[in-house]
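Read off the chains here:
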Amino acid sequence: MFKSLQNIQSAFSLVRIFMILMSGIAISVSVYSVWKSFQFAERQREKIYVLDGGASLLMALQQDVNQNRPAEARAHVKLFHEYFFTISPDKSSIEQRLVQALALAGNEAYEQYMNLKEDGFYDKVIAAGINCEIQTDSVIVDIDSYPFRAYYYGKTAIVRSSNITYRNLETQCELVSCARSDNNPHGFVIEKWKILDNSDISVVNK
C-alpha cells in the first residue's frame, strides 16, 4: 500500500513538473510572438505605399522628417509662386489658382491679391487676353532658425498678342509649420511674404 502511495505521489510530481514545463514553454512562445509582432509593426510604419497611376503599389522607405523638411519647404515656396503668378485670361481659372495659392500663405499674400484685384489687374488680363507664366530659377531656405526664412528667385513672362515682357522676380518670406491637408500637403504657411524685385528685363516683339 505504501508503495502504491509512493507511486501515486511520483506520478503527481511528474505531472506537476510536466505542467510547469508546458506553462513555461507557452509563456515563452507568447512573449516571443508579441515581440515579433511589435517588430513587424515598427517595420511597417517605416514604409510608405504610393499609388502609381492607380495601377500598382510602389513601396518607398520613409525618411526622417527633419531630413525631408528643407525639400518640402522649397517645394512649398515654389508651388505657391506657380499658383500665384501663373495666370490665364479666364476668370474661373484665375480664381481656382488663387484659391490654391492662398491656401499655402497668410495675410500678406491675400493683401497682395486684393491690391491687384482692386487695381483691376485681373480684369485687364482677361480683357486683353494676356497669359502670365513663371519660371523658377532657385529657392533658398534657411533652416538654422525657426520660422524658416526663404528666398525665391525666378522670372515671369507676360505674353500679349504683340509681345512678351520678361520680368525678374525675387521674393522673401518666412515658413511656419502647420497641419497637412489636401490643399496644403507640405504642412507650411508662408508669412511675411514680400516682393523684393519685379523689374522688367526685356520686351520681345512677336
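Residues numbered from 1 in each chain as written. Predicted model: local features only at pLDDT ≥ 70, side-chain atom pairs only at ≥ 80, totals over all residues. Heavy atoms only, no water.

Student: Report on the overall build of the chain, specifying residues and quantitative values.
Tutor: Scanning the chain for helices and strands turns up five helices and seven strands. Reading the chain from its N end, one meets helices and strands in the order α-β-β-α-α-α-α-β-β-β-β-β. A separation of at least 24 residues holds for 58% of the contacts in the chain among residues at least 6 apart in sequence. For the chain, the accessible area works out to roughly 13,900 Å², and carbon and sulfur atoms hold 57% of it. (Helix = DSSP H or I, 4+ residues; strand = E, 2+ residues; numbered from the N terminus. Contact = heavy atoms within 4.5 Å. Areas by Shrake-Rupley, 256 points an atom, 1.4 Å probe, with all protein chains shown as cover.)

Student: Could you give an account of the confidence of the model for the chain, naming the residues involved and the relevant values?
Tutor: Chain-level statistics for the chain give a pLDDT mean of 84 and a share of 78% at 70 or above. Taken together, the stretch residues 54-63 has pLDDT below 50 and engages in 21 contacts with residues farther than four places along the chain or on a different chain. (pLDDT = per-residue confidence, 0-100.)

Student: Account for the side chain of N184, naming residues and giving values.
Tutor: Positionally, N184 belongs in the loop between β5 (163-177) and β6 (188-197). A polar atom in the side chain of N184 sits 2.7 Å from the backbone oxygen of F188. Those residues within four positions of N184 in sequence are excluded, and the remaining contacts are H76, A103, L104, C178, A179 and V189. (Polar contact = N/O pair within 3.5 Å; in protein donor to acceptor, adjacent residues only side chain to side chain.)

Student: Help me get a handle on the nonpolar core, residues and values and all.
Tutor: Membership of the largest hydrophobic core comes to 32 residues, with the highest contact counts inside it found for F80, F84, L175 and W193. Contributing elements (two or more residues each) for this core: α2 (65-85), α3 (91-102), α4 (107-118), α5 (121-128), β3 (131-142), β4 (148-159), β5 and β6. Here the element with the most residues in this core is α2; it accounts for seven residues. Ignoring any residue separated from it by four or fewer positions in sequence, one finds W193 in contact with F80, H81, F84, F85, E108, A109, Q112, T171, Q172 and C173. (Core = buried A, V, L, I, M, F, W, Y, C linked by side-chain atoms within 4.5 Å. Buried < 20%, exposed > 50% of the residue type's maximum accessible area, 1.4 Å probe, protein only.)

Student: An account of α3 is requested, with residue identities and associated values reported.
Tutor: Taking 1.5 Å per residue as the helical rise, α3 with its twelve residues ought to reach 16 Å, and the 16 Å between its terminal C-alpha atoms agrees with that figure. Considered for burial, the residues of α3 that qualify are I94, L98 and A101. An end-on view of α3 places all buried positions within 55° of arc, on one side of the element. Exposed residues pointing more than 90 degrees away from the buried face of α3 are listed as Q96 and V99. (Expected span 1.5 Å × (residues − 1). Arc of directions from axis to C-beta.)

Student: Please provide a residue-by-residue account of the side chain of T171, values included.
Tutor: Along the chain, the position of T171 falls in strand β5. Taking the relative accessible area as the measure of exposure, T171 reaches 1% and is therefore buried. At 2.8 Å, the side chain of T171 and the side chain of H81 are in polar contact. Setting aside residues no more than four positions away along its own chain, T171 makes contact with H81, A150, Y151, Y152, W193, K194, I195 and L196.

Student: I'd like a description of the packing of aromatic side chains, backed by residues and values.
Tutor: Given two aromatic rings, one states the distance between the centres and the angle between the planes to describe the pair. Considering all chains together, one arrives at ten aromatic pairs under this definition. When the ring of F84 is compared with that of W193, the centres are 5.2 Å apart and the planes differ by 70°; the resulting orientation is edge-to-face. Here F84, found in helix α2, pairs with W193, found in strand β6; they are 109 residues apart in sequence, far enough to count as distant. Per residue, the accessibility class of F84 equals that of W193, and both read buried. Directly above the aromatic system of F188 lies the positively charged group of R69, at a separation of 3.9 Å from the ring centroid. (Phe/Tyr/Trp six-rings, centres within 6.5 Å; stacked < 30°, edge-to-face > 60°. Lys NZ or Arg CZ within 6 Å of the ring centre and 35° of its normal.)

Student: I'd like a rundown of the pattern of salt bridges, residues and numbers included.
Tutor: Using the criterion set out here, one finds six salt bridges in the structure. One salt bridge connects E72 with R180, and the closest N-O pair in it is separated by 2.9 Å. Within this pair, whereas E72 is found in helix α2, its partner R180 is found in the loop between β5 and β6, the two being separated by 108 residues in sequence. Here E72 falls in the buried class, since its relative accessible area comes to 18%. (Salt bridge = Lys/Arg side-chain N within 4 Å of Asp/Glu carboxyl O.)

Student: Let's hear about unusual backbone geometry: which residues, and what values?
Tutor: Residue P147 is reached from Y146 by a cis peptide bond, and omega for that bond is 0°. Within the secondary structure, P147 is located in the loop between β3 and β4. Positioned with a positive phi, K192 is a non-glycine residue whose angle comes to about 55°. Here K192 shows up in strand β6.

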